[in-house]
Amino acid sequence: MVDSRREIWGNPYNMNKSMDFLECLTDCGLIEAGFSGSQYTWCNNWGPPRTIWKRLDRLLYHEEWLDMFNSTKVEHLSKTGLDHTPLLVTIEKEKSKPMKYFKFLNIWCHHKEFKEKVGEAWSIPTQGTTIWQLHCKMKSDATKLSSWSKEAFGDIFKDVKEAELQENMMEKKLDETYRQRAKAKWLQDGDKNTSYFHKVIKERRRRLNIHEIQDDEGQTVEGQENIANTTISHFEKQFEYQEIKGNFKILEKVPRRVTDEMNNMLITTPSCQEIRDAIKNIDADSAPGPDGFGAKLYQVCIDIIIIELHGAIKEFFEGVPVQRYISNNWYSIVINGVRYGFFKSNRGLRQGDPLSLALFVISAKLISILLKNLVLDENYTGYYSPKKGTKLTHLAFADDMILFTSGKPSDIRKALKILTVYEDVSGQLINKHKSCVAFSPKASIEVRHRVTHLTGMNKKECPIKYLGCPLFVGRMKISYFSEMVQAITNRIHTWHSKFLSMEGKIILIKHVLLAMPFHLLAAMKPPKGTFEQLERAVARFLWNDKDNVKKHHWSKWENMCFPYAEGGAGFRCIRDMSKACLARQWWNLRTNKSLWRDYMMTKYCSKKNPIIRKVIGSQSQIWREMRENKSAD
């Protein structure tokens, strides 16, 4: 099996060649250890343009290996004239225990002594600002509740393990009795919830362990202490204060949307009743915050904590400075469950603060306005567009942006000047290493060299990825969608399917696997071969049985997509999902006014055009089928 990237000077990656191998790994319960170093492990040692690189060698181990060794590292060494790369395997038994964090348990609220214990922790006198006092009392509350839980409820984790053992013994006796009476084949494995989730947790911990990193100079750093120090040094440099000398008058180009009345309402300090109402509307079983407390504590003990909570919120709105350890400007590094030193962010709201998301939207609006104004420049040629068509300057979604311009040096310099103004005003830097330039197939070599030199970005051949979708020129190929198929097969491989029952697999297919390609299907229609690969991967996962049992697909995937009343399993048909998304695109193209609609209708306005005729014909066929099915029903 090779990776889903294009082989150098070779054929595009074909996912079909890897399906049998991936299924074998799943059947045998084997896990790939990963690697560091060179990406490929084999080369045919031929000169260009016939050089081919592949990743053929890899280390696999069984799930039980994690019980003995939870740290297995694989390094690709130098080939030194060989066709295969030697693999250096390092096996360690890590002794460091993962850090245990406080977590509030909702069951505590049902105990008669709960409020009394919270009140005792809350009555401890503290000093400082109200925000600091709230932090100290919450911390004291966590310590008090942790010790009280052992007295009132005992060791919960020990009790759970004993209960699991007792339940397994009882189920074993019941199974034996039932087998003797029913004289029928017994479902031996079922979901095996305990074993399944234990395997998943072990695999997740293995993947989250950090064995080595690269510093800013590209050097490999190993050891937890060295990794922590390098990481802290990296983020300290990234978050250090940088004075912005830009001309902020450019912000006047951003239209004002917030009135003074709206702004006064936003900055008004919330009342106690507003705080009570907000807490009441939070889901009691929602995920806890970084301090381990969920919404249940605030809802049950609101009368005890309301004074300090309201005072802390009031100080926040008034801009009272927040002390260390609870400020959003302070961060800490946790490597493999061990916490290391704190470091401070001096960049304020421009980086590392939750409010920076809102500021990013404003700055993105600025760059969008500046790029739109380029078309007003008479000396700006811009990206080619049909006559009377909308001049396309950029597409933007969150922090992903595509700029469209001509290859003229003057046009490129004007676009780069806007990016420079954006960096000066917003304080955000454009990463040119992650950016690239793409050209028309007709672009000359001189134009390609000139653009890459002016922008400082590397060129990239189509297809390129934008918002998870491949952008390409020419005929659609199956290889463009291999990453989506491989993502689904990788997800299947991490599920340890032999521990799942048929019912468990059906739930995972419906709510996880069939939802993964929906984002891509909403934007474009993959080729027929991609649909076949997806259906084959999901069907193999569904019919995969226990060890040493021959697999048999008892029904076609097409039949499994029928409703329950018609003998199916109620799965969504991937092809029908694609048709529904295409019908929605066709409807939006006809009804909604947008830049994309104007561009498409201008470029392909003639029905004689073969491309627009094909699009209209396929969408009309979909609507005819939908009307016929509706009339038949």
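The rules we used
Residues numbered from 1 in each chain as written. Predicted model: local features only at pLDDT ≥ 70, side-chain atom pairs only at ≥ 80, totals over all residues. Heavy atoms only, no water. Pairing = 2+ DSSP bridges. Helix = DSSP H or I, 4+ residues; strand = E, 2+ residues; numbered from the N terminus. Buried < 20%, exposed > 50% of the residue type's maximum accessible area, 1.4 Å probe, protein only. Phe/Tyr/Trp six-rings, centres within 6.5 Å; stacked < 30°, edge-to-face > 60°. Lys NZ or Arg CZ within 6 Å of the ring centre and 35° of its normal. Salt bridge = Lys/Arg side-chain N within 4 Å of Asp/Glu carboxyl O. Patch = residues over 30% accessible without salt bridge, like charges linked within 9 Å, V, L, I, M, F, W, Y side chains within 5 Å. Areas by Shrake-Rupley, 256 points an atom, 1.4 Å probe, with all protein chains shown as cover. Axes fitted to C-alpha atoms, helices over the stretch in contact; angles between N-to-C directions. Parallel < 35°, antiparallel > 145°, perpendicular 65-115°, else oblique. Left-handed = near helix turned anticlockwise from the far one by under 90°. Contact = heavy atoms within 4.5 Å. Nonpolar A, V, L, I, M, F, W, Y, C, P; charged D, E, K, R; others polar. pLDDT = per-residue confidence, 0-100. Core = buried A, V, L, I, M, F, W, Y, C linked by side-chain atoms within 4.5 Å. Expected span 1.5 Å × (residues − 1). Bend = angle between axes of the 7 residues up to and from the residue.

1. Considerations on the sheet that holds strand β6 (residues 71-76)
With mixed pairing, three strands are arranged side by side in an open sheet as β2-β6-β7. Of all strands in the sheet, those bounded by a partner on one side alone are β2 (36-37) and β7 (87-92). Relative to β6, β2 is paired through two bridges, and the arrangement is parallel. Across the sheet, S36 pairs through a bridge with E75, a residue of β6.

2. Re the environment of L371
Following the sequence through the fold, L371 ends up in helix α12 (residues 356-372). A relative accessible area of 2% places L371 in the buried class. Considering only alpha carbons, one finds L371 and I418, 47 residues apart in sequence, at a separation of 7.2 Å.

3. Observations concerning the packing of aromatic side chains
Using the criterion set out here, one finds eleven aromatic pairs in the structure. Here F316 and F317 contribute two aromatic rings whose centre-to-centre distance is 5.9 Å and whose plane-to-plane angle is 85 degrees, an arrangement assigned as edge-to-face. According to the relative accessible area criterion, F316 is exposed, its value standing at 56%. Assessed through its relative accessible area of 34%, F317 is described here as partly exposed. Following the ring pairs from residue to residue traces out a cluster consisting of F102, F104, W108, F114, W148 and F293. Its guanidinium or amino end placed over the ring of F541, K505 lies 5.9 Å from that ring's centre, counting from NZ or CZ.

4. A few points about the pattern of salt bridges
Here the structure, examined in full by the defined rule, presents nine salt bridges. As a salt-bridge pair, D303 and R276 come within 3.1 Å of each other at their nearest N and O atoms. In this pair, D303 sits in helix α11 (residues 302-318) while R276 sits in helix α9 (residues 272-280), placing the two residues 27 residues apart along the sequence. Using a relative accessible area of 59% as the deciding quantity, one classes D303 as exposed. With a shortest N-O distance of 3.0 Å, R575 and E535 are connected by a salt bridge. Here R575, found in helix α20 (residues 574-591), pairs with E535, found in helix α18 (residues 528-543); they are 40 residues apart in sequence, far enough to count as distant. Judged by relative accessible area, which is 13%, E535 ranks as buried.

5. A look at a nonpolar patch on the surface
Residues V258, M262, M265, L266 and I267 make up a contiguous nonpolar surface patch of roughly 500 Å² in combined accessible area. In this fold, M265 is placed in helix α8 (residues 260-267). Assessed through its relative accessible area of 59%, M265 is described here as exposed.

6. What to know about the packing of helix α13 (residues 409-426) against helix α14 (residues 445-455)
Between α13 and α14, the shortest axis-to-axis distance is 10 Å and the interhelical angle comes to 25 degrees. One finds that α13 runs roughly parallel with respect to α14. In the crossing of α13 with α14, the sense of the turn from one axis to the other is right-handed. Every residue of α14 that contacts α13 at P409, I412, R413 and L416 is listed here: R450, V451, L454 and T455. Among the residues forming the contact of α13 with α14, the class breakdown is five nonpolar, one polar and two charged.

7. With respect to the confidence of the model for the protein chain
For the protein chain, the mean per-residue pLDDT works out to 76, and 73% of the residues sit at or above 70. The element-level mean pLDDT for the protein chain is lowest in helix α22 (residues 610-632), coming to 52, with α9 highest at 91. Scored below 50 in pLDDT, residues 1-9 makes 35 contacts in the model with residues more than four places away or belonging to other chains.

8. Topic: the environment of A438
Among the structural elements, A438 can be located in the loop between β14 (436-437) and α14. Overall, A438 belongs to the partly exposed group, its relative accessible area being 42%. Separated by 20 residues in sequence, A438 and N458 place their C-alpha atoms 8.9 Å apart. Not counting the four nearest positions on each side in its chain, A438 is found in contact with K460 and I464.

9. Examining the nonpolar core
Soluble, globular proteins show a tendency: their nonpolar side chains are buried together. I509, L513, F541, L542, W557, M560 and F571 are the most contacted members of the largest nonpolar core, which totals 37 residues. Those elements giving two or more residues to this core turn out to be α1 (16-28), α15 (482-493), α16 (502-511), α17 (518-521), α18, α19 (557-560) and α20. Ignoring anything within four residues of it in the chain, the contact list for I509 reads L514, V538, F541, L542, W557 and F571. Of all hydrophobic cores here, the second largest spans 22 residues; its members include I131, F293, L297 and A312.

10. Some words on α11
Taking 1.5 Å of rise per residue, 17 residues should cover 24 Å, and α11 covers 23 Å from first to last C-alpha, within 8% of that figure. Residue E308 marks the point of greatest curvature in α11, where the axis turns by about 30 degrees. Along α11, the positions that sit buried rather than exposed are I302, I305, I306, E308, L309, H310, G311, A312 and E315. Its buried side turned inward, α11 meets α3 (114-122), α4 (130-152), α9 and α10 (295-300). Within two residues after α11, G319 carries a phi angle of roughly 80 degrees, on the positive side.

11. Points about the packing of α3 against α4
It is the contact of α3 with α4, at a shortest axis distance of 8 Å, that shows an interaxial angle of 135 degrees. Considering their axes alone, α3 and α4 lie oblique with respect to each other. Classified by chirality, the crossing of α4 by α3 is right-handed. Only L134, K137, M138, S140, D141, K144, L145 and W148 of α4 make contact with α3, whose side of the interface consists of F114, K117, V118, E120, A121 and W122. Grouping the amino acids of the contact of α3 with α4 by side-chain chemistry returns eight nonpolar, one polar and five charged.

12. Quick notes on unusual backbone geometry
Cis geometry marks the peptide bond from C462 to P463; its omega dihedral reads 5 degrees. Structurally, the position occupied by P463 is in the loop between β15 (458-459) and β16 (464-466). Look at N45: it is not a glycine, yet its phi comes out positive at around 60 degrees. Looking at where N45 falls in the secondary structure, it is placed in the loop between β3 (42-43) and β4 (53-54).

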